[in-house]
Amino acid sequence: MAPRGAVAVPDLVARARRGEPAAVARLITLVEDASPLLREVMSALREHAGGAHVLGITGAPGVGKSTSTNALVAAMRRAGRRVGVLAIDPSSPFSGGALLGDRVRMGDHALDEGVYIRSMGARGHLGGLARSTPQAVRVLDAAGCDVVIVETVGVGQSEVEVAGLADTTLVLLAPGMGDGIQAAKAGILEIGDVYAVNKADREGADRTRRELRTMLSLAERRDGAWRPPVLQTVASTGEGIDELLAEVDRHAAWLAESGELARRRTTRARGEVEAIALDALRERWGAAGGSADLDRLAGRVVSGDVDPYAAADELLAQG
C-alpha cells in the first residue's frame, strides 16, 4: 500500500481516463510543478494521447478571447464533443499562480462534466503560453477530450508561440483596436489558420475585415495550400459562432487530408523534445558548478581577455 500522500501515477491516469476532474487536475499540477513523477506521468499517457484536435486561440487583450472561447465550447458541447480548455493567465506577482480571469468568464460550463477548464499562470514565460502547456495539453488529450482549446494570455505583439502548439490557430481581432498594419506587426498574418473579427456589431467591423482579407491575399501560397477565411462574430450573443466552428472543422479536415497534420505534430514534438533536453542540460551544468565557470568567463569577456564566442567554446569544452 502506498504511503499516505503518495501519488500512484497509474491510478491517476486510469481515473483521468474515466473523466474524473480531480485526477485530471492532479496530473496537470504535477506537470506545472515539474514533479519528479513527470517522466512517469508522460510515459503512462503516451499510448492514450494523439486523438484530440488542438485549437489555439490568440489575439490582443480586449478582443474577446475568453468570451469567444466560452461560445465555442458551448457550440462544441451541442455537437456532443468533450472539451478541455487551458486558459493561460497572467501570473500573480505574489503567489506566481494564475489570476483566474479567464476561468471566471467561462463559468457557464463550470458544472458541465463534458468540459474541463484549467487556468495556468504564464510564470514569466513569453509568447503567450506557460512553459508546461505542451505537457498539460497531452494530459487533456489522454483524458479523452475531443478538442483541447489553448487560449493565450493576451500579451500583444509577441503572442505567436501558440501556432507551434496548435493544430489550428484561430486569431481574433476587433474593430477599433488597430488597423491591418498593426496586425502585420504582431505577426498574426503569418500564424493564423482562421481569422475572426469579433465584436462585429461595432462600427468599423466591415473595414477591419476588408483590410485583413486584402493583406492575407497578398501572401504567397503554394498550390493546394490552405487559404485562411475571415469571419465576423459577436461572441457575447453567439452570432457567427456556428460558422466559425464550421471553418475550424473544415481546417481540421484539410489538415488530415493534406498530410499537414502529421507535419505540424512532428514539428511540435521536435520542439518539445528539444526544450526538455535543453532544460536537462541546464540543470546538469548548474549542478556541476557551471554557474561559477560562467561568472569567471563573463569576467574575462568584460576585461577583454576573450570574446563571447571564445568564452562559449571554452564553456562547452568544459562540459
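Scroll up for the structure.
Residues numbered from 1 in each chain as written. Predicted model: local features only at pLDDT ≥ 70, side-chain atom pairs only at ≥ 80, totals over all residues. Heavy atoms only, no water.

Considering all chains together, one arrives at one aromatic pair under this definition. Judged by centre distance (5.8 Å) and plane angle (45°), the rings of W226 and W254 are tilted. Here W254 lies in helix α11 (residues 241-258) and W226 lies in the loop between α10 (205-217) and β7 (230-232), a separation of 28 residues in the sequence. Considered together, W226 and W254 belong to a single accessibility category, that of buried residues. (Phe/Tyr/Trp six-rings, centres within 6.5 Å; stacked < 30°, edge-to-face > 60°. Helix = DSSP H or I, 4+ residues; strand = E, 2+ residues; numbered from the N terminus. Buried < 20%, exposed > 50% of the residue type's maximum accessible area, 1.4 Å probe, protein only.)

What follows concerns the pairing of strand β4 (residues 147-151). With five of its five residues buried, β4 lies for the most part within the structure. The alternating pattern of β4 places V147, I149 and E151 and V148 and V150 on opposite faces, both of which are buried. Here five bridges tie strand β1 (residues 53-58) to β4, and the two strands are oriented parallel to one another. Bridging from a neighbouring strand, I57 pairs with E151 of β4. Pairing of strand β2 (residues 83-89) with β4 involves five bridges; the strand directions are parallel. Paired with A87 across the bridge in β4 is E151. (Pairing = 2+ DSSP bridges.)

Look at helix α1 (residues 9-17) against helix α2 (residues 21-32): their axes get within 7 Å of each other, and the N-to-C directions meet at 130°. On the basis of the axis angle, α1 is oblique to α2. Between α1 and α2 lies a crossing whose hand is left-handed. Here α1 contributes L12, V13, R15 and A16 to the contact with α2, which in turn contributes A22, A23, V24, R26, L27 and L30. A per-class count over the contact of α1 with α2 returns eight nonpolar, no polar and two charged. (Axes fitted to C-alpha atoms, helices over the stretch in contact; angles between N-to-C directions. Parallel < 35°, antiparallel > 145°, perpendicular 65-115°, else oblique. Left-handed = near helix turned anticlockwise from the far one by under 90°. Contact = heavy atoms within 4.5 Å. Nonpolar A, V, L, I, M, F, W, Y, C, P; charged D, E, K, R; others polar.)

So, about the pattern of salt bridges. Evaluation of the coordinates by the stated rule reveals 17 salt bridges. The shortest N-O distance in the salt bridge between D249 and R81 comes to 2.7 Å. Of this pair, D249 sits in helix α11 while R81 sits in the loop between α4 (65-78) and β2; the two residues are 168 residues apart in sequence, bridging distant segments of the chain. On the basis of relative accessibility, which here comes to 29%, the residue D249 falls in the partly exposed class. Close ionic contact of E211 with R207 constitutes a salt bridge, the shortest N to O distance being 3.1 Å. Separated by four residues within a single helix, E211 and R207 lie in helix α10, roughly one turn from each other. Overall, E211 belongs to the partly exposed group, its relative accessible area being 23%. If you follow the salt bridges from partner to partner, you end up with D11, R15, R18 and E20 in one network. (Salt bridge = Lys/Arg side-chain N within 4 Å of Asp/Glu carboxyl O.)

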